[in-house]
Amino acid sequence: MKLRPEEISSVLSQELNKYDRDLEVASVGTILQVGDGIARVYGLQDVMAGEMVKFSGDIFGMVLNLEEDSVGVAILGSDTEIKEGDQVTRTGTIASVPVGDGVVGRVLNAVGQPIDGEGPVPSSETRHIELKAPGVTARQPVGQPLMTGLKAIDSMIPIGRGQRELIIGDRSTGKTAITIDTIINQKGTGVMCFYVAIGQKQSTVAAVHKKLKEHGAMEYTTIIAASASEPAPMLFLSPYTGTTMAEHFMWQGKDTLVVYDDLSKQANAYRQMSLLLRRPPGREAFPGDVFYLHSRLLERSVKLSDENGGGSLTALPIIETQASDVSAYIPTNVISITDGQIFLENDLFFQGIRPAINVGISVSRVGGAAQTKAMKKVAGSLRLNLAQYRELAAFAQFGSDLDVSTQRQLTRGERMVEILKQGQYAPMKNEHQVAIIFAASQGFLDSVAIADIAQWEEDFHVYLDENSSGVLHTIAESGKLEADTAEHLTGAIEDFIKSRR
């Protein structure tokens, strides 16, 4: 067979034209050691702190330790398929999660992937998980109330938009119940809510999702769940993911609420990761930067200045104590970062006082600035009266002969404690709270038997809605309790008492 030179030259020219000279350079490392959600990788000299790296099987990791001869990587997923000697590739991107309207109403994991079986998250926009908190000049003082719908909190420990209010107490004292009621109470207020479940049982997260759906709250709520069965890096990352998603709405001028349930489990997960990364342990084996773990998270809660859109991010972190010890390491750390705390007490819970708030050591450092004028007026002396009642009640146990004024104070105090009790999933509007606290503080309940107070209050609210809605509307619209409004409210209470005879 005779070869023709022109054919050879045409084939060569075609092949040369098809030749792609672009070189793809990938930075690749090798796994030296892997286990318990942490991998030690050799060969990634130019990798960045916080960068995402890719393992085999489409599993990603986040670089945490940059050492002289290797890097420590937290594996974001199962490490069962990852083994020593596998290759690890740089992605060149810092850890990010999807943000925007697409995440609303969804149940997501710690890296923003859906776990509710409703398909992918329809969002093309992403945002870095770790971001610097807004500076002093970008903020304004907290002054707008965020109503929880709980009488005991809105009257004595008010929460403002942009505040960080710690909820602290032993296991099963109603910490999550307070936050769920607060989320339900945001219906129709335009506040976007994010519930971050850290180290919870999957059944608990499912129950929360069911309750929020029943009350129509999932329309404005996102659940970020890092359950107890997931590796420590997912538990460590989930609060930052929730904050990042909330910040996106905050910078659009919207009000947001983030619940961290709970940060004790995040601290424990971070301790586990740090020890595996060979970071030196400190007090209670926590690493030295465990304070920074929570401060850089909670400092992102802010009320932005009007020039920046005036949006807000309110944080309700939860901390679980052991045997009511608020002086332990993590509780004292978080107390020092937040703008107040709501302390829930075992003894009160078992006495049937729910929410079981210890008024003595619970405080809101924003105070009356985050209250409506009407609530401030009726609840101004409530905390003091309750404290005096508790002191008198303890004293009265030892003496049977009490003077009339002491007996009157005990009677009033008992009824105040009773009206501050509230059932779960039943948040109350601000105007109704003002009305019942006004009625109790003016002595209208002094003659009502303790056992009948709950029913009296229920009937009273129904009566006001049906016969004196104008007074309620005035309080709701103006946020004030002027002299003429107080007079009309007094008249309505007197008419209600007459109608019960």
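Since this is a predicted model, take the numbers as computed values, not measurements.

(A) Representation of the overall build of the protein chain in the model. What the protein chain contains, in helices and strands, is 16 helices and 16 strands. Each principal axis of the C-alpha distribution contributes one length, and for the protein chain these read about 125 × 50 × 40 Å. Across the 501 residues in the protein chain, those meeting the buried criterion constitute 51%. Sequence separation of 24 or more characterises 74% of the internal contacts of the protein chain that already satisfy a separation of 6 or more. For the protein chain, the accessible surface area stands at approximately 23500 Å², while carbon and sulfur atoms represent 51% of it. In the protein chain, which carries 47 positive and 62 negative side-chain charges, the distance between the mean positions of the two groups comes to 1 Å.

(B) Focus on the pattern of salt bridges. Per the stated rule, a full pass over the model turns up 22 salt bridges. As a salt-bridge pair, Arg-40 and Glu-67 come within 3.1 Å of each other at their nearest N and O atoms. One end of the pair, Arg-40, is in strand E2 (residues 38-42); the other, Glu-67, is in the loop between strand E4 (59-66) and strand E5 (71-76), and 27 residues separate them in sequence. Looking at Glu-67, the relative accessible area reads 34%, which means it is partly exposed. Linking Lys-83 and Asp-86 is a salt bridge whose minimum nitrogen-to-oxygen distance equals 3.5 Å. Overall, Asp-86 belongs to the buried group, its relative accessible area being 13%. Each of Arg-139, Arg-164, Glu-299 and Asp-339 takes part in a single network of salt bridges with overlapping partners.

(C) A look at the pairing of strand E12 (residues 221-226). Among the 6 residues that make up E12, 6 are buried, leaving the element largely enclosed by the rest of the structure. Alignment of strand E8 (residues 107-108) against E12, held across 2 bridges, turns out to be parallel. Directly across from Val-107, in E12, lies its bridge partner Ile-223. By the bridge criterion, 6 bridges tie strand E11 (residues 192-198) to E12 in an arrangement that is parallel. The residue of E12 that forms the bridge with Val-196 is Ile-224. Note that the unit made of E11, helix H4 (residues 202-214) and E12 has a crossover that is right-handed.

(D) Spatial organisation of the packing of helix H13 (residues 430-441) against helix H14 (residues 453-467). Viewed as axis vectors pointing N to C, H13 and H14 meet at an angle of 125°, and their least axial separation amounts to 11 Å. Between H13 and H14, the angle is such that the two are oblique. Every pair of crossing elements has a handedness; the one defined by H13 and H14 is right-handed. Packed against H13, whose contacting residues are His-432, Ala-435, Ile-436 and Ala-439, the element H14 presents Trp-456, Glu-457, Phe-460, His-461, Leu-464 and Asp-465 at the interface. When its residues are assigned to classes, the contact of H13 with H14 shows 6 nonpolar, 2 polar and 2 charged.

(E) Fine view of helix H5 (residues 232-250). The terminal C-alpha atoms of H5, which comprises 19 residues, lie 28 Å apart, in line with the 27 Å expected from a rise of 1.5 Å per residue. Extensive coverage of H5 is indicated by the burial of 19 of its 19 residues.

(F) Local environment of helix H7 (residues 290-298). Within H7, 7 of the 9 residues are buried, which leaves the element mostly enclosed by the surrounding structure. Taken residue by residue, H7 has Val-290, Leu-293, His-294, Ser-295, Arg-296, Leu-297 and Leu-298 as its buried positions. At its buried positions, H7 is contacted by H5, strand E13 (255-261), helix H6 (263-276), strand E14 (312-320) and helix H8 (329-337).

(G) Summary view of the sheet that holds E4. Pairing in this closed barrel of 6 strands is antiparallel, and the strands run E1-E2-E5-E4-E3-E6 around the ring. Between one strand axis and the next, the sheet turns by 45° as a mean value, whatever way the strands run. Relative to strand E6 (residues 87-94), strand E3 (residues 51-55) is paired through 3 bridges, and the arrangement is antiparallel. In the strand pairing of E6, Glu-51 is matched with Ile-94. Sitting on the sheet, H5 is in contact with E4 and E5, with an inclination near 80° to E5.

(H) Spatial organisation of the confidence of the model for the protein chain. Summarising the model, the protein chain shows a mean pLDDT of 91, and 98% of its residues fall at 70 or more. The element-level mean pLDDT for the protein chain is lowest in helix H1 (residues 5-18), coming to 76, with E11 highest at 98.

(I) Unusual backbone geometry, seen in detail. A cis geometry characterises the amide bond from Asp-261 onward to Asp-262, with omega recorded as -5°. With respect to the helices and strands, Asp-262 occurs in the loop between E13 and H6. A cis geometry characterises the amide bond from Arg-354 onward to Pro-355, with omega recorded as 0°. Along the chain, Pro-355 falls in the loop between helix H9 (346-350) and strand E16 (363-364). For Arg-278, which is not glycine, the phi dihedral falls at a positive 65°.

Procedures and definitions
Residues numbered from 1 in each chain as written. Predicted model: local features only at pLDDT ≥ 70, side-chain atom pairs only at ≥ 80, totals over all residues. Heavy atoms only, no water. Helix = DSSP H or I, 4+ residues; strand = E, 2+ residues; numbered from the N terminus. Buried < 20%, exposed > 50% of the residue type's maximum accessible area, 1.4 Å probe, protein only. Contact = heavy atoms within 4.5 Å. Areas by Shrake-Rupley, 256 points an atom, 1.4 Å probe, with all protein chains shown as cover. Lys, Arg positive; Asp, Glu negative; His and termini not counted. Charge placed at Lys NZ, Arg CZ, Asp CG, Glu CD. Salt bridge = Lys/Arg side-chain N within 4 Å of Asp/Glu carboxyl O. Pairing = 2+ DSSP bridges. Right-handed = clockwise from strand over helix to strand, strands pointing away. Axes fitted to C-alpha atoms, helices over the stretch in contact; angles between N-to-C directions. Parallel < 35°, antiparallel > 145°, perpendicular 65-115°, else oblique. Left-handed = near helix turned anticlockwise from the far one by under 90°. Nonpolar A, V, L, I, M, F, W, Y, C, P; charged D, E, K, R; others polar. Expected span 1.5 Å × (residues − 1). pLDDT = per-residue confidence, 0-100.

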